[in-house]
Number of protein chains: 2
Amino acid sequence: MSLASRTEDLPSPVARDTGLAAVQLRAPYLIYFGDVQDTGHAKTGLGLIQWRPEACAGQLRSDGCQVDGGLVDLSISEAARAGVGSIVIGVASEGGGIPDAWVGDLAAAARAGLDVVSGMHVRLGDFPGIAAAARASGARLIDVRTPPQRLPVGTGVKRPGKRLLTVGTDCAVGKKYTALAIEREMRNRGLDADFRATGQTGIMIAGSGIPLDCVISDFLSGAAEMLSPAAAETHWDVIEGQGALSHPSFAGVTLGLLHGSQPDALVLCHDPSREFLLGTGAGVDYPVLSVTDAMAQCLPFARRVNPDACFVGLSVNTSMFAEAERQALLDRYEQETGLPAVDPIKDGAGLIVDKVSSVTGV
Amino acid sequence: MSLASRTEDLPSPVARDTGLAAVQLRAPYLIYFGDVQDTGHAKTGLGLIQWRPEACAGQLRSDGCQVDGGLVDLSISEAARAGVGSIVIGVASEGGGIPDAWVGDLAAAARAGLDVVSGMHVRLGDFPGIAAAARASGARLIDVRTPPQRLPVGTGVKRPGKRLLTVGTDCAVGKKYTALAIEREMRNRGLDADFRATGQTGIMIAGSGIPLDCVISDFLSGAAEMLSPAAAETHWDVIEGQGALSHPSFAGVTLGLLHGSQPDALVLCHDPSREFLLGTGAGVDYPVLSVTDAMAQCLPFARRVNPDACFVGLSVNTSMFAEAERQALLDRYEQETGLPAVDPIKDGAGLIVDKVSSVTGV
């Protein structure tokens, strides 16, 4: 690990013009559902419609599609005439690839001048039909899993502006949802707030971002610094967290993001029904940390880069609990931590944003 | 960050045959010094000769070279006839590139069938003359900064075998040197020990390894798990540490390596003459942690993946201190921590290996 300021130069078939900028998507979107059979495989598209309805102009569904996002159905030529900027793959395939059945639709969209946006592991430019169509029309092929080409090493230099980061006791405990709910609540109150996306679905919802888990590890905190640049002192970046410091598979990403984010405010996301971490190997069970232990583990690292860092709330997944039990649980977390504990899906993020304002004055 | 077991697929012009294996170099080596003017720029080659003299068959020096590694001077044809396996670039250039003056020599070596090994940021295969020569002879072009093509996500599953990891209060505090000194001391005592390299110079010395800071961040702990695979219960992997948990630029790499290494034994490397961290941005000073604070920060993460983890010693850079002062300093660290504190350059690693044996019984 050398100490000079460096940049990485990853070969990238797409988005060569992004330079030092994060991915930037072109709205409005045509959401591609293909022939998806269930909402579980359509979460990306449905999330985009939920969180960014104003950016979703229509949906494209093949024969046999069983999902309806509630948008107007548009053909590719109708979408092009209507000024749609991008077709966004809103479905996940088994195996994470792009099935043959999609390739023709995506190539037709590219030929019609629509940017094609994918969160798949495979790259759009590796499909000759799609690549040729994009070259012919000038449309961009955007793989949101491909990080920007040139990333800096983190500096640790404090930037102006306020930052809130969601952290968690595990993967998949609502860090993205919580950040989006907080951004929405802040905006509803007239605060100047931007959701900052660090994963593929978040990037599609935000229209920009950096896929932190795809970044070369030497540039992790530098990427996080770039993601939430210097801003006005009353501006909030609400940053989507990744992984967990206690997770033996992904904690490196979590710590790089924590250091680079320099959070003023932290929200801990937790699923009380989960006893062991998700995603570790067969035959090994890692207990999920208690909320107080998880907060105690996280805070010193946050304060290393921002002495003012503090927790402002808990976001708790209570979907597995009956109403009376649910409220008792939230009350107990509030007593244990002295912080508001909410399930943002049921309660919204109002109590957390109240606390943010009372603690930071912004 | 998805939870399924995945592999990364980085475009790589070289080492396509490594598959799931780490880089593997072919000895013996011809050390390339070019026309280097000072030992500071020849550290890689000199380190290789210091730590692996048995693998170094000769040196290649151009007119005007001011450095002598003490090896026999060999031309490329002499080296090829002598059965040399690889030419290793043992010098750093200003800017990290491969100057025109080297390209002819490296192409000639490749044409003669020698593998070419480089720790530069630029890739050997991007130089048409070198690439063509390698294609013609079948020689391999090995960029040790290029990680293996397919890496797994970390599992957290405990592997058999013993592991020692060097950690530090900062970058550049002797983590590689300390690990090499411990491996040597263990081998001298008849223990079964292997140095595991995580940076480019370490990889050249070891002949294999994974450049952790070049790995996609989602695969950090998986790469570290792969680097020190399951082994006999009396076998020691002595793993070269990277960065520092307290370093806002590089802590993600440090934590991924710590989790993936599952260390039984930890050695803290420290430079008492250093007040602030190296390598952070202009205008910001991060105090170096005390040795006790650094150990307290590290140990819970190590115990997450290996409940038996403990510190077994301190490796202290005392080069800035007079002898009396030096010994007082080491005594003070021993009192503070209850652990042996040595400068491995002056004292060797014997006291640390004594402690390893008494604590682990291996």
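Residues numbered from 1 in each chain as written. Chains lettered and ligands numbered in written order. Predicted model: local features only at pLDDT ≥ 70, side-chain atom pairs only at ≥ 80, totals over all residues.

Novice: Got a sec to walk through the overall build of chain A? Specific residues and values, please.
Specialist: Scanning chain A for helices and strands turns up 12 helices and 13 strands. Scaling as 2.2 N^0.38, a compact globule of 362 residues should have a C-alpha radius of gyration of about 21 Å, and chain A matches this with 21 Å. By its C-alpha atoms, chain A is 60 × 55 × 50 Å across when sized along the principal axes. For chain A, buried positions account for 54% of its 362 residues. Within chain A, residue pairs in contact and separated by at least 24 positions form 76% of the contacts whose partners lie at least 6 positions apart. (Helix = DSSP H or I, 4+ residues; strand = E, 2+ residues; numbered from the N terminus. Rg over C-alpha atoms; globule rule 2.2 N^0.38 Å. Buried ≥ 20, exposed ≤ 12 C-beta atoms within 10 Å, placed from the backbone. Contact = placed C-beta atoms within 7 Å.)

Novice: Lay out the packing of helix H8 (residues 251-261) of chain B against helix H9 (residues 291-305) of chain B with the relevant residues and their values.
Specialist: Residues and elements named next belong to chain B. Running from N to C, H8 and H9 cross one another at 40°; their axes reach a closest spacing of 8 Å. Between H8 and H9, the crossing angle belongs to the class labelled oblique. Here H8 and H9 pass one another in a crossing that is right-handed. Touching Leu255, Leu258 and His259 of H8 are Cys298, Phe301, Ala302 and Val305, all from H9. (Axes fitted to C-alpha atoms, helices over the stretch in contact; angles between N-to-C directions. Parallel < 35°, antiparallel > 145°, perpendicular 65-115°, else oblique. Left-handed = near helix turned anticlockwise from the far one by under 90°.)

Novice: Explain the relation of the copies chain B and chain A to me, and be specific about the residues and the numbers.
Specialist: Each copy of the sequence occupies a distinct position, and chain B is placed on chain A by a rotation of 180° and an axial shift of 0.0 Å, giving an RMSD of 0.1 Å. Each copy turns onto its partner about a two-fold axis. Taken together, the interface assignments show that 100% of the residues at the interface of chain B recur at the interface of chain A, consistent with an identical surface on both copies. (Least-squares fit on C-alpha atoms with pLDDT ≥ 70 in both.)

Novice: Before we move on, could you go through the sheet that holds strand E6 (residues 141-143) of chain B and cite the residues and values that matter?
Specialist: Residues and elements named next belong to chain B. Reading across the sheet, the 5 strands line up as E3-E2-E4-E5-E6 and stay open at both edges, with parallel pairing between neighbours. A strand with exactly one partner marks an edge of an open sheet, and here the two such strands are strand E3 (56-61) and E6. Each strand axis lies, on average, 25° off the axis of its neighbour in the sheet, ignoring direction. Sheet contacts for helix H1 (residues 43-51): strand E2 (29-34), E3 and strand E4 (86-89); angle to E2, the most-contacted strand, approximately 150°. (Pairing = 2+ DSSP bridges.)

Novice: An account of the nonpolar core is needed here, citing residue identities and associated values.
Specialist: Grouped together as the largest cluster of nonpolar side chains are 230 residues, with contacts concentrated most on Leu30, Val116 and Leu266 of chain A together with Leu30, Val116 and Leu266 of chain B. Apart from the residues lying within four places of it in its own chain, the contact partners of leucine 30 of chain A are Ala57, Gly58, Leu60, Leu74, Ala79, Val84, Ile87 and Leu114 of chain A. (Core = buried A, V, L, I, M, F, W, Y, C linked by C-beta atoms within 7 Å.)

Novice: I'd like a rundown of the sheet that holds strand E10 (residues 235-239) of chain B, residues and numbers included.
Specialist: All names here are of chain B. An order of E8-E10-E7-E11-E12-E13 is seen for the 6 strands of this open sheet, with the pairing classed as parallel. With partners counted over all chains shown, the strands left at the sheet margins are strand E8 (192-196) and strand E13 (341-342), one partner each. Looking at chain direction, strand E7 (residues 162-168) and E10 are connected through 4 bridges and run parallel. Considered in E10, the bridge of arginine 163 is made with aspartate 237. The sheet contacts of helix H12 (residues 350-360) involve E7, strand E11 (265-270), strand E12 (310-316) and E13, and relative to E12 the element is tilted by about 180°.

Novice: With reference to specific residues and values, describe the domain arrangement of chain A.
Specialist: All names here are of chain A. Looking at chain A, the domain boundaries give domain 1 (26-143) and domain 2 (162-360). Taking the mean C-alpha position of each, domain 1 and domain 2 sit 29 Å from one another. Domain 1 puts 9 residues into the contact, and the matching count from domain 2 is 6 residues. Among the elements that take part in the side of domain 1 that touches domain 2, helix H1 (residues 43-51) stands out by supplying 4 residues, more than any other. Across the side of domain 1 that touches domain 2, the residue classes break down as 5 nonpolar, 3 polar and 1 charged. (Domains from an automatic or database assignment. Nonpolar A, V, L, I, M, F, W, Y, C, P; charged D, E, K, R; others polar.)

Novice: Give a detailed account of the environment of arginine 189 of chain B, specifying residues and quantitative values.
Specialist: Take arginine 189 of chain B: it is sitting in the loop between helix H5 (175-188) and E8. Once the C-alpha coordinates of arginine 189 of chain B and alanine 172 of chain B are considered, the two residues, 17 residues apart in sequence, prove to be 28 Å apart.

Novice: Explain the interface of chain B and chain A to me, and be specific about the residues and the numbers.
Specialist: Taken together, the 41 residues of chain B in the interface contact 41 residues of chain A. Those elements that place two or more of their residues in the side of chain B that touches chain A are helix H7 (220-227), H8 and H9 of chain B. With 6 residues, H8 of chain B is the single largest residue contributor to the side of chain B that touches chain A. Here the residues of the side of chain B that touches chain A are counted per class, giving 21 nonpolar, 17 polar and 3 charged.

Novice: Explain the pairing of E10 of chain B to me, and be specific about the residues and the numbers.
Specialist: Residues and elements named next belong to chain B. Within E10, 4 of the 5 residues are buried, leaving the element largely enclosed by the surrounding structure. Here E8 runs beside E10; their pairing, made up of 5 bridges, is parallel. Counted as the bridge partner of aspartate 194 is aspartate 237 from E10.

Novice: Outline the pairing of strand E11 (residues 265-270) of chain A, listing residues and values.
Specialist: All names here are of chain A. For E11, the tally of buried residues reaches 6 of 6 residues, placing the bulk of the element in the interior. Every second residue of E11 is oriented toward a common face, with Ala265, Val267 and Cys269 on one face and Leu266, Leu268 and His270 on the other, all of them buried. Bridging between strand E7 (residues 162-168) and E11 involves 5 bridges; their strand directions are parallel. Paired with leucine 164 across the bridge in E11 is alanine 265. When E11 meets strand E12 (residues 310-316), the two strands line up parallel, connected through 6 bridges. For valine 267, the partnering residue across the bridge sits in E12 and is glycine 313. Taking the sense of rotation as the criterion, the β-α-β connection linking E11, helix H9 (residues 291-305) and E12 turns out right-handed. (Right-handed = clockwise from strand over helix to strand, strands pointing away.)

Novice: Pulling in residues and values, what's your account of the packing of H5 of chain B against H12 of chain B?
Specialist: Residue and element names in this part refer to chain B. One way to put it is that H5 packs onto H12 with a least axis distance of 9 Å and a crossing angle of 65°. As the angle between them shows, H5 and H12 are arranged roughly perpendicular. Between H5 and H12 lies a crossing of right-handed hand. Here Ile182, Glu185 and Met186 of H5 lie close against H12, whose contacting residues are Gly350, Ile352 and Val353.

Novice: Before we move on, could you go through the confidence of the model for chain A and cite the residues and values that matter?
Specialist: Residues and elements named next belong to chain A. Per-residue pLDDT for chain A averages 92, and the proportion of residues at 70 or more is 94%. In the predicted structure, residues 1-20 sits below a pLDDT of 50 and forms 49 contacts with residues beyond four places in sequence or in another chain. Here the predicted complex carries an ipTM of 0.90, next to a pTM of 0.91. (pLDDT = per-residue confidence, 0-100.)

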